[in-house]
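# Breakdown of the fold
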Amino acid sequence: GLRAGLRIVDEDADGVDRAFREDVLRGLAQRQKAVPSRWFYDEAGSRLFEDITALAAYYPTRAETEILARRGSEIAGLTGEGRAVVEFGSGSSAKTPHLLRAIAPAAYVPIDISGDFLRKSSAALAADFPGLAVFPVEADFTKPVELPGLVAGLPKLGFFPGSTIGNLVPPTAVDLLRSMRATLGDGSQLLIGLDLIKDPAMLVAAYDDAEGVTAAFNLNLLDRINRELDGDIPVAAFRHEARWNDSLSRIEMHLVAGSDVDFEVAGQPFAIRAGESIHTENSHKYEPRGSTMLLLAGGWTPLARWTDSQERFSVVLAEA
Ligand code: AVJ
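Just so it is clear, the structure is predicted and the values come from calculations on it, not from any experiment.

### A short note on the overall build of the chain
- The secondary structure content of the chain amounts to 10 helices and 15 strands.
- In terms of C-alpha radius of gyration, the chain reaches 20 Å, essentially the compact-globule figure of 20 Å for 320 residues.
- Counting only C-alpha atoms and orienting by the principal axes, one finds that the chain spans roughly 60 × 45 × 35 Å.
- When the 320 residues of the chain are sorted by exposure, 40% land in the buried category.
- Long-range pairs, those at least 24 residues apart, make up 71% of the contacts in the chain between residues at least 6 apart in sequence.

### Details of the site of the ligand
- The environment of the ligand is formed by Ile52, Pro60, Gly162, Ser163, Thr164, Gly166, Asn167, Tyr207, Thr214, Glu281 and Ser283.
- In terms of residue class, the shell around the ligand is made up of three nonpolar, seven polar and one charged.

### Observations regarding unusual backbone geometry
- Phi is positive for Ala266, close to 50°, though the residue is something other than glycine.
- Position of Ala266 relative to the elements: it lies in the loop between strand 11 (261-265) and strand 12 (268-272).
- Here Glu311, not a glycine, exhibits a phi torsion of approximately 55°, which is positive.
- Mapped onto the secondary structure, Glu311 falls in the loop between strand 14 (301-307) and strand 15 (313-319).

### Topic: the nonpolar core
- If you look at the biggest cluster of nonpolar residues, it comprises 54 residues, and the most contacted ones within it are Val85, Val86, Val109, Ile111 and Leu191.
- In this view, Val85 contacts Leu99, Leu100, Pro105, Tyr108, Val109, Leu157 and Phe159; residues no more than four positions away in its chain are not counted.
- By size, the runner-up hydrophobic cluster in this structure holds 21 residues, among which are Phe20, Tyr41, Leu255 and Ile278.

### Observations regarding the packing of helix 7 (residues 170-184) against helix 10 (residues 288-297)
- As a packed pair, helix 7 and helix 10 sit with axes 8 Å apart at the nearest point and diverge in direction by 55°. Between helix 7 and helix 10, the angle is such that the two are oblique. Where helix 7 approaches helix 10, its residues Pro170, Ala173, Val174 and Leu177 are matched on the opposing element by Leu294, Leu295 and Ala297.
- Looking at the contact of helix 7 with helix 10 residue by residue, the classes come out as seven nonpolar, no polar and no charged.

Calculation rules
Residues numbered from 1 in each chain as written. Predicted model: local features only at pLDDT ≥ 70, side-chain atom pairs only at ≥ 80, totals over all residues. Helix = DSSP H or I, 4+ residues; strand = E, 2+ residues; numbered from the N terminus. Rg over C-alpha atoms; globule rule 2.2 N^0.38 Å. Buried ≥ 20, exposed ≤ 12 C-beta atoms within 10 Å, placed from the backbone. Contact = placed C-beta atoms within 7 Å. Near = placed C-beta within 6 Å. Nonpolar A, V, L, I, M, F, W, Y, C, P; charged D, E, K, R; others polar. Core = buried A, V, L, I, M, F, W, Y, C linked by C-beta atoms within 7 Å. Axes fitted to C-alpha atoms, helices over the stretch in contact; angles between N-to-C directions. Parallel < 35°, antiparallel > 145°, perpendicular 65-115°, else oblique.

Below is the structure:
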């Protein structure tokens, strides 16, 4: 059953607005304009991301789900019984049932910054797993999170699917892994999804689909800025672009200006020249040794690694 939600971070609407405004104003003032990708996920953006996961070209969701569905008993053999599963950024918790069915945990602790989403998906999951104790925690998991006292005595299995770690540049990714280590404690394990380096054409196709859903997802950020930060960015002057940055091993998403544009956001003037871009996302891809080095730097020792049948995506189990 669903236990009383614990409100650890109570960031009010003003607090979110302030952080958004600061990130956007700082990012648009840079020589390479940039807005952090975490601001994609307003209501429209979250819906568009769900649409992305169903696209033929966007392989990560299907590949990772295949791994979790097929490797459940192997994963369970290595995690053992009786752990509390702690999911970071649980969102809609779409992949969680596979894991919960496989390892039959003692408790499930979804952590998400979005309380509404968290409560809805926790309630749905608790209904599907009637015997499972569910303790949702509304918090920013980029910092160490205090877990509910009722799971304090249980060994933890952190769950961080979706290759969300890929959105972070390596130093930030290492900080996050260390925070998770602090949240989960000694004796814990982490099950994490990492996307693999592959043919750049396949990578670019996954981030620039023919249906234009990813383009809409990227451009929605400008609509959000205009709406929430009193902006007048001419959205139609920008086009979506996905680039493979080979030296940094990442897909980058940009919004490229088709003409010289002047605009305002929150009373501040900005200008962008034709051909210049606003950099909106990094999605880092790893080869096996790179993911091992990243995890080790973050305080985690890999125990096992699985890929899907087409070797597009990896899931790694590591121990503290
Ligand atoms: C949710 C961060 C894993 O990087 O693949 C999908 C977001 N961006 N298409 C990713 C995303 C464009 C996605 N993550």
